[in-house]
Amino acid sequence: VLARRQEKVDDRKFDCSEVVRQIISPVGKAPGVPKRSSLLKEIETTSLYTSISPTEVRCRQRSATFLLPSQDDLMAYKAWEYARGRPIDVRFYDVTYTKKQ
């Protein structure tokens with residue numbers, strides 16, 4: 001985890017954000033295929049939690065993936081350059097937490 005924060009929005013809502021670094025390394029190598037270097041990504045997840053009742057909390061979550069530059073792989077470096085700091089993948093999730101009775 002590279003960064004984490006949270007803040008209270010009001011009496012029923014709070015949000016939190018977390019940034020993690022993901023390293024994807026190839027496993028094994030097929031004969032005759034050049035070895036690929038590791039791919040570096042940062043994933044930022046922001047969640048807004050809302051208390052619906054004493055037993056239920058709903059969450060709206062956004063997860064964005066950003067490429068990091070590579071010193072070893074020209075293709076990965078070019079992909080990072082092309083992205084220009086924009087996320088390469090953005091996903092939204094709706095989650096409901098219910099307290100077990």
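Residues numbered from 1 in each chain as written. Predicted model: local features only at pLDDT ≥ 70, side-chain atom pairs only at ≥ 80, totals over all residues. Heavy atoms only, no water.

1. Some words on the pattern of salt bridges
Line of reasoning, step 1. According to the stated counting rule, one finds ten salt bridges in the structure shown.
Line of reasoning, step 2. The partner of R4 in a salt bridge is E18, with the nearest N and O atoms 2.5 Å apart. Of this pair, R4 sits in strand 1 (residues 3–8) while E18 sits in strand 2 (residues 13–24), and the two are 14 residues apart along the sequence.
Line of reasoning, step 3. A relative accessible area of 27% places E18 in the partly exposed class.
Line of reasoning, step 4. In this structure, the salt-bridge partner of E44 is R62, at a minimum N-O distance of 3.8 Å. Taken together, the positions of E44 in strand 3 (residues 39–53) and R62 in strand 4 (residues 56–67) put the pair 18 residues apart, joining distant regions of the chain.
Line of reasoning, step 5. For R62, a relative accessible area of 29% corresponds to the partly exposed category.
Line of reasoning, step 6. Each member of the salt-bridge network shares a partner with another, and the members are R5, E7 and D15. (Salt bridge = Lys/Arg side-chain N within 4 Å of Asp/Glu carboxyl O. Helix = DSSP H or I, 4+ residues; strand = E, 2+ residues; numbered from the N terminus. Buried < 20%, exposed > 50% of the residue type's maximum accessible area, 1.4 Å probe, protein only.)

2. Here's the deal with unusual backbone geometry
Line of reasoning, step 1. With a phi close to 50 degrees, R84 is a non-glycine residue in the positive phi region.
Line of reasoning, step 2. Mapped onto the elements of the fold, R84 is located in the loop between helix 1 (74–83) and strand 5 (89–98).

3. Remarks on the pairing of strand 1
Line of reasoning, step 1. Along strand 1, only zero of the six residues are buried, which leaves the element largely exposed.
Line of reasoning, step 2. Looking at chain direction, strand 1 and strand 2 are connected through six bridges and run antiparallel. Counted as the bridge partner of Q6 is C16 from strand 2. (Pairing = 2+ DSSP bridges.)

4. Brief notes about helix 1
Line of reasoning, step 1. The opening residue of helix 1 is D73, an N-cap whose side-chain oxygen sits 2.9 Å from the backbone nitrogen of M75.
Line of reasoning, step 2. R84 lies just past helix 1 and shows a positive phi near 50 degrees. (Polar contact = N/O pair within 3.5 Å; in protein donor to acceptor, adjacent residues only side chain to side chain.)

5. Some thoughts on the side chain of S47
Line of reasoning, step 1. Tracing the backbone shows S47 in strand 3.
Line of reasoning, step 2. On the basis of relative accessible area, S47 is assigned to the buried category, the value being 3%.
Line of reasoning, step 3. Of note is the side chain of S47, whose polar atom sits 3.1 Å from the side chain of Q61.
Line of reasoning, step 4. In this view, S47 contacts F14, D15, C16, C59, R60 and Q61; residues no more than four positions away in its chain are not counted. (Contact = heavy atoms within 4.5 Å.)

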